[in-house]
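Overview (structure and organization)
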Amino acid sequence: MPTTGKQPLDVPGERVLPIPPLSVPPESEPDALADFPSVQLFLDRARAVVPSLLVDDDTLADVALLCRQLDGLPLAIELAAARVRALSPRQITDRLNRGLPVLATGPRCPAASRNAVAAAG
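So, here's what we can say about the structure. (Residues numbered from 1 in each chain as written. Predicted model: local features only at pLDDT ≥ 70, side-chain atom pairs only at ≥ 80, totals over all residues. Heavy atoms only, no water.)

Moving on: unusual backbone geometry. Phi is positive for Asp10, close to 60°, though the residue is something other than glycine. Here Asp10 lies in the segment before α1 (37–49). With phi around 55°, Asp71 is a residue other than glycine that occupies positive phi space. (Helix = DSSP H or I, 4+ residues; strand = E, 2+ residues; numbered from the N terminus.)

Next up on the list: the environment of Pro26. With respect to the helices, strands and loops of the structure, Pro26 is situated in the segment before α1. With relative accessibility at 35%, the residue Pro26 sits in the partly exposed group. C-alpha of Pro26 to C-alpha of Leu65: the two residues are 39 residues apart in sequence and 9.0 Å apart in space. (Buried < 20%, exposed > 50% of the residue type's maximum accessible area, 1.4 Å probe, protein only.)

Core analysis: the biggest nonpolar cluster contains 24 residues, and Val39, Phe42, Leu70 and Ile92 have the highest contact counts within it. At the level of elements, α1, α2 (57–69), α3 (74–81) and α4 (89–97) are the ones that each hand at least two residues to this core. If near-sequence neighbours (up to four positions away) are discounted, Leu70 is found in contact with Ala76, Ile77, Ala80, Leu96 and Leu103. (Core = buried A, V, L, I, M, F, W, Y, C linked by side-chain atoms within 4.5 Å. Contact = heavy atoms within 4.5 Å.)

Written out as structure tokens, the structure reads:
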């Protein structure tokens with residue numbers, strides 16, 4: 001079962017495949033932003049969440065800035081793209097700039113349920 005993460009799980013049979021950062025558009029190159037792999041990944045994942053996502057030149061510029069800020073890291077880009085249901089790419093970037101944990105997620109189940117699952121496992 002494929003998983004992604006910052007650290008190995010250290011389970012038997014695990015294979016670690018490092019994924020290098022994707023190329024990001026330089027600040028000085030506003031043309032062909034959609035041709036960069038980091039921007040393509042963001043748009044692909046964002047459209048999976050919001051199929052009606054409209055992408056104009058301003059949105060592309062915001063996505064390029066966000067991808068640069070995330071250093072082209074695929075996992076970070078995917079986590080950011082998942083937020084477009086509630087936030088625009090510019091809003092995501094603004095929150096990252098303010099140090100807000102916009103890419104972090106908390107537990108998806110109450111503590112009692114987590115404890116029950118842990119006890120059963």
